[in-house]
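Here's the letter readout for the chains.
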Amino acid sequence: MTSDVPRGVDAPPDLVQLLTPEGERVEHPDYDIELTTEEVRSLYRDLVLVRRVDLEAVALQRQGELGLWASLLGQEAAQIGSGRALAATDMAFPTYREHGVAWCRDVDPVKLLGMFRGVNHGGWDPADHNFHLYTIVIGSQTLHAVGYAMGVQRDGADAATIVYFGDGASAQGDVNEAFIWASVFNAPVVFFCQNNQWAISQPMERQTKIPLYRRASGFGFPGVRVDGNDVFACLAVTRKALRNAREGQGPTLIEAYTYRMGAHTTSDDPTRYRLADELEAWKLKDPIERVKAYLFKNQLADQEFFDKIDEEADALGKDVRARCLAMPDPKPEAIFQHVYAEPHALMDEEREQYLTYLAGFEGGGER
Amino acid sequence: MTTLTLGKALNEGMRRAMESDPKVLVMGEDVGKLGGVFRVTDGLQKDFGEDRVIDTPLAESGIIGTAIGLAMRGYRPICEIQFDGFVFPAADQIITQLAKMPLRSLGALKLPVVVRIPCGGGIGAVEHHSESPEAYFTHTGGLRVVACSNPVDAYTMIQDAVRSDDPIIFFEPKRRYWDKADIDLAAPGLPLDRARVVRPGRDVTLVAYGPMVKTCLEAAAAAEDDGRDLEVVDLRSLNPLDMGVLEESVRRTGRCVVVHEAPIFTGLGAEVAARVSERCFYHLESPVLRVGGFSTPYPPSRLEEYYLPDLDRVLEAVDRAFAY
Ligand SMILES: Cc1ncc(C[n+]2csc(CCOP(=O)(O)OP(=O)(O)O)c2C)c(N)n1
Ligand SMILES: [Mg+2]
């Protein structure tokens, strides 16, 4: 099978790129971006900090503090670029890996840990930061995003919706239905597919025979493939797609061509199905290194700047760790909370019975 | 005798099924090179090739829908659903098509499709990875539903399921995948639709299946200290139910407690309780009692030890049965 050859290492055709892996700015006829030095430095900071949060979460899982973690390693630029393209009023629908997008939406990283630690199933109000709950069932959220966008459309609001999904998800019925809905209703939605080459052990070729971005044309809307490790290009392409959506031009499919540099999750062992060479080749395209090279080469930042960000990242990592460890375990009665909005006789009955049962143990419930 | 884990026993059973019938296929997400996320299909693709062990695109409705078509061509697909919570995208194909197509053909069409589903909680997983969806399927005419509880049964039940001409939903207790037992690989198993008394006893019949059988055996061992002799019945088949074994047992013990991880409310225990009450009414010393999950979504993992029935919850129900 094709998984015996390193995949995606040669840049595919039609790739929108504004910053090469070596940190050179390049022009693109359809997309360009003017960034101030401050903006570039700020993007760099985002990239480094989310990678640091992610590393800390992996470590916390290894030490038994989280049950699981889905690492974003390698996908920082796709997430920060697209996340920074969002306006405050835009709505984002993530999978379970969008920690970088959450960061851009000002969601406290510790909130992301709750589900993986097993203290809740999500734990935030989507309206607080216009960032929906993580969705584990592959592809479901694409339909929610389209429906949300249809609501935005009916309200006449000046906002767009973005929905994240993976290359694997592109095979799901829900995702294809979402494309159809978005298309026929001209919904103000951006489909942001992070093609990280893998769906657990399955290479992208098991989900599609044509480049994913070209699926869009069959559904009747534009598709574009962007270098997912290029934060400038991801920002520019997403900005344009969001603007088009807000202006009534309907959906766009963005395929961010990137690479899952880590295991699928902390439960996964990628040595069983992919070559180490592939990872090595993709390391040369690291999304953070190229921004650093660009800043350095153009003398937009000095060593002190980089050192300071590393310090900030370490402090953030420590803070995330401390607050993760301090997260209280939920009480057993939480099992019955928020199941229904209205009073519910069966819930009341089961809760009462169970709490009485627990109270019968020594220590009054804590077993 | 060979010592195998439950996961390996399933693997060995599928291997034998594939060896003895070239029409047997394995299909699902990550079942090939990876051997499935629980490694239950480990090595099968290497030995039987990619035509017979199919890594599918990521789409559960597609897995079952295409398995139906393959079955129409004479194949016998074993479909793996990666986790219990992900069978729902396939529910349409299972309930509206797989279960009903044979009848619509007046019996001409046979759909020997096995749908393997790792089920239940207790492994500290995130949402959708700890469900017990059996009642959705036992409520659907046209499907046989079975659950294995131990390596010995797993080995023969999977082979019997593949041989059956009916569609079968095959539940595997994921937290028991690593339990070990000695297996005589040549010994035939109990027929697929039969229940088994796994521990004889005089005082109460505990009825369980899948992951809860072990819990009930532990409860029975603990009850010995209180001088109570509990019988444990492993249903094995959830649809149909083996009423013969159940009736015989409850008539002897006069008390019955049904245990499952799934919510009690309209769960399989309700069916067992109603049937046992109807058939053993004059032999019962107490109502049939149920121990199970709450009627809530499965909780986050830090609460699952509260949610899941355990030895204490089973014994508390036994106490209540004696209190009548
Ligand atoms: C409906 C459904 N089926 C199966 C799974 C198990 N599963 C979790 S992640 C995953 C692969 C997803 O791949 P992709 O869409 O490419 O996203 P990535 O994990 O690479 O970010 C699978 C099969 C699931 N969560 N939901
Ligand atoms: Mg992927």
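By convention here, each chain's residues receive numbers from 1 onward along its written sequence. Here chains are named by letter from A upward and ligands by number from 1 upward, in the order in which they appear as written. Under the rules for a predicted model, residues below a pLDDT of 70 receive no local features and side-chain atom pairs below 80 are neither given nor counted, while totals for whole chains, interfaces and linings still include all residues. The basis for every side-chain value is the complete set of heavy atoms in the structure, and neither hydrogens nor water enter the calculation.

Describing the nonpolar core
So, step 1. With 152 residues, the main nonpolar core has B:Ile64 and B:Ile94 as its most contacted residues.
So, step 2. Residues contacting B:Ile64, with those up to four places away along its chain left out, are B:Cys79, B:Ile81, B:Ala90, B:Gln93, B:Ile94, B:Leu98 and B:Val115.
So, step 3. Residues grouped as a nonpolar core are buried Ala, Val, Leu, Ile, Met, Phe, Trp, Tyr and Cys residues, joined through side-chain atoms within 4.5 Å. For every residue, the accessible area obtained with a 1.4 Å probe (protein chains only) is divided by the maximum for its type, and the residue is called buried under 20%, exposed over 50%, and partly exposed between those limits. Core analysis: the second largest hydrophobic core is formed by 21 residues, A:Met91, A:Phe93, A:Val163 and A:Leu212 among them. Whether two residues touch is decided by their heavy atoms; if any such pair falls within 4.5 Å, the residues are in contact.

Details of the domain arrangement of chain A
So, step 1. With domains assigned, chain A is organised as domain 1 (15-325) and domain 2 (332-365).
So, step 2. Taking only C-alpha atoms, the centre of domain 1 of chain A and the centre of domain 2 of chain A are 39 Å apart. Each domain span listed reflects an automatic or database assignment of domains.

Notes on the site of ligand 1
So, step 1. Lining the immediate environment of ligand 1, one finds 20 residues, of which A:Tyr96, A:Arg97, A:Gly168, A:Trp198 and B:Glu60 sit closest.
So, step 2. Near residues are defined by distance, with any heavy atom within 4 Å of the molecule or strand qualifying the residue. Flanking ligand 1 are residues from chains A and B.
So, step 3. Here a nitrogen atom of ligand 1 sits 2.8 Å away from a polar atom, N or O, in the main chain of A:Ile136.
So, step 4. What qualifies as a polar contact is a pair of N or O atoms within 3.5 Å, subject to a donor-acceptor requirement within protein and to the restriction that residues adjacent in sequence count only when both atoms come from side chains. Between ligand 1 and the protein, one listed contact pairs an oxygen atom with a backbone N or O atom of A:Trp198 at 2.8 Å.
So, step 5. Under the convention used here, a 1.4 Å probe and the Shrake-Rupley method define accessible areas, while residue burial counts only the protein chains that appear. Within the complex, the protein chains bury 95% of what would otherwise be the 570 Å² of accessible surface of ligand 1.
So, step 6. Charged means Asp, Glu, Lys or Arg here, nonpolar means Ala, Val, Leu, Ile, Met, Phe, Trp, Tyr, Cys or Pro, and polar covers whatever is left, Gly included. Class assignment for the residues of the shell around ligand 1 results in 10 nonpolar, six polar and four charged.

Topic: a negative patch on the surface
Residues and elements named next belong to chain A.
So, step 1. A contiguous patch of negative charge, built from Asp302, Glu304, Asp307, Asp310 and Glu311, is present on the exposed surface.
So, step 2. Within the secondary structure, Glu311 is located in helix H12 (residues 303-325).
So, step 3. For Glu311, a relative accessible area of 56% corresponds to the exposed category. Nonpolar side chains (Val, Leu, Ile, Met, Phe, Trp, Tyr) are joined into patches within 5 Å and like charges within 9 Å, using only residues with over 30% relative accessible area and no salt bridge. Salt bridge criterion: a side-chain nitrogen from Lys or Arg within 4 Å of a carboxyl oxygen from Asp or Glu. The sign given to each residue is positive for Lys and Arg and negative for Asp and Glu; His and the chain ends receive no count. Where a charge lies is defined by one atom per residue type: Lys uses NZ, Arg uses CZ, Asp uses CG and Glu uses CD. Strands here are runs of E lasting at least two residues and helices are runs of H or I lasting at least four, both read from the DSSP assignment and numbered beginning at the N terminus.

Overview of the packing of aromatic side chains
So, step 1. Here the aromatic set is Phe, Tyr and Trp, taking the six-membered ring for Trp, and pairing holds for ring centres within 6.5 Å; pairs whose planes are under 30 degrees apart are stacked, those over 60 apart are edge-to-face, and all others are tilted. Scanning all chains against the criterion turns up 36 aromatic pairs over all chains.
So, step 2. When the ring of A:Trp124 is compared with that of A:Tyr134, the centres are 5.6 Å apart and the planes differ by 85°; the resulting orientation is edge-to-face. Separated by 10 residues along the polypeptide, A:Trp124 in the loop between helix H4 (109-117) and helix H5 (126-129) and A:Tyr134 in the loop between H5 and helix H6 (140-155) bring together distant segments of the chain. With respect to burial, A:Trp124 and A:Tyr134 carry one shared label: buried.
So, step 3. Between A:Trp198 and A:Tyr273, the aromatic rings sit 5.4 Å apart at their centres with planes inclined by 50°, giving tilted as the arrangement. With A:Trp198 in strand S5 (residues 198-199) and A:Tyr273 in the loop between strand S8 (252-257) and helix H10 (276-283), the pair connects residues that are 75 residues apart, well separated along the chain.
So, step 4. Judged by its relative accessible area of 3%, A:Trp198 is buried.
So, step 5. Put simply, the rings of A:Phe336, A:Tyr354, A:Tyr357, A:Phe361, B:Phe294, B:Tyr298 and B:Tyr307 pair up and form one aromatic cluster.

Comments concerning the domain arrangement of chain B
Residue and element names in this part refer to chain B.
So, step 1. Structurally, chain B comprises domain 1 (2-183) and domain 2 (196-323).
So, step 2. For domain 1 versus domain 2, the separation of C-alpha centres amounts to 26 Å.
So, step 3. Across the boundary between the two partners, domain 1 contributes 27 residues, which contact 23 residues of domain 2.
So, step 4. Summed over both partners, the accessible area (1.4 Å probe) lost when two parts come together is defined as the buried area. Buried area between domain 1 and domain 2, both sides added, is near 1,900 Å², and the carbon and sulfur share of it is 47%.

As for the interface of chain A and chain B
So, step 1. In this assembly, 49 residues from chain A lie in contact with 38 residues from chain B.
So, step 2. Buried area between chain A and chain B, both sides added, is near 3,700 Å², and the carbon and sulfur share of it is 58%.
So, step 3. At the surface where chain A touches chain B, the tally comes to two salt bridges.
So, step 4. Between B:Arg302 and A:Asp329 there is a salt bridge, with its nearest N and O atoms 3.2 Å apart.
So, step 5. Our count for the chain A to chain B interface comes out at 15 residue pairs in polar contact (both at pLDDT 80 or more).
So, step 6. Mapped onto the side of chain A that touches chain B, the elements with two or more residues apiece are H4 and helix H13 (345-359) of chain A.
So, step 7. With six residues, the top contributor of residues to the side of chain A that touches chain B is H13(A).

Some points on the pattern of salt bridges
So, step 1. Tallying each qualifying case throughout the model produces 46 salt bridges over all chains.
So, step 2. For A:Glu352, the salt bridge identified is with A:Arg351, shortest N-O distance 3.5 Å.
So, step 3. Take A:Glu352: its relative accessible area is 44%, and that puts it in the partly exposed class.
So, step 4. A residue is classified by how much of its surface remains accessible, and A:Arg351, at 24% relative accessible area, is partly exposed.
So, step 5. The salt bridge involving B:Arg252 is made with B:Glu248; its shortest N-O contact spans 2.8 Å. Of this pair, B:Arg252 and B:Glu248 both sit in helix H9 (residues 243-253), separated by four residues, roughly a single helical turn.

Observations concerning the pairing of strand S7 (residues 168-173) of chain B
Note on strand geometry: in a regular strand, side chains alternate between the two faces of the sheet.
Residue and element names in this part refer to chain B.
So, step 1. Most of S7 is tucked away: six of the six residues are buried.
So, step 2. A two-sided burial pattern is seen for S7, the buried positions comprising Ile168, Phe170 and Glu172 on one face and Ile169, Phe171 and Pro173 on the other.
So, step 3. A strand pair is defined by DSSP finding two or more bridges across the two strands. The pairing of strand S6 (residues 144-147) with S7 spans four bridges and is parallel. Bridge pairing in S7 links Val145 to Ile169.

Focus on empty space enclosed by the protein
So, step 1. Only protein atoms enter the 1 Å grid, on which a cavity is a set of points fitting a 1.4 Å probe that cannot get out and a pocket is an open set with protein on both sides within 12 Å along at least 5 of 7 lines, lining residues being those with an atom within 4 Å of a point. Grid points are joined across faces, edges and corners, and a volume is the space filled by probe spheres set on the points. By the definition in use, this model includes three cavities of 30 Å³ or more.
So, step 2. Empty space within the largest cavity amounts to approximately 80 Å³.
So, step 3. Surrounding the largest cavity, 13 residues form its lining, B:Cys119, B:Ser132, B:Glu134, B:Tyr209 and B:Pro211 being those nearest its centre.
So, step 4. Its residues placed into classes, the lining of the largest cavity shows eight nonpolar, three polar and two charged.
So, step 5. A domain split of the lining of the largest cavity shows at least three residues from each of domain 1 (2-183) and domain 2 (196-323) of chain B.
So, step 6. Its volume calculated, the second largest cavity comes out at about 50 Å³.
So, step 7. What lines the second largest cavity is simply A:Val50, A:Val53, A:His99, A:Ala102, A:Trp103, A:Val107, A:Pro109 and A:Leu112.
So, step 8. Among the secondary structure elements, those contributing two or more residues to the lining of the second largest cavity are helix H1 (37-62), helix H3 (99-104) and H4 of chain A.
So, step 9. Looking at the lining of the second largest cavity, the element that brings in the most residues is H3(A), giving three residues.
So, step 10. Of the residues assigned to the lining of the second largest cavity, the class counts are seven nonpolar, one polar and no charged.

So, H9(B)
Residues and elements named next belong to chain B.
So, step 1. Within the span of H9, buried status applies to Met243, Val245, Leu246, Glu247, Ser249, Val250 and Thr253.
So, step 2. Buried residues along H9 sit against strand S9 (196-199), strand S10 (204-208), strand S11 (230-234), strand S13 (256-263) and helix H10 (268-280).
So, step 3. Positive backbone phi, approximately 80°, marks Gly254, located one or two places after H9.

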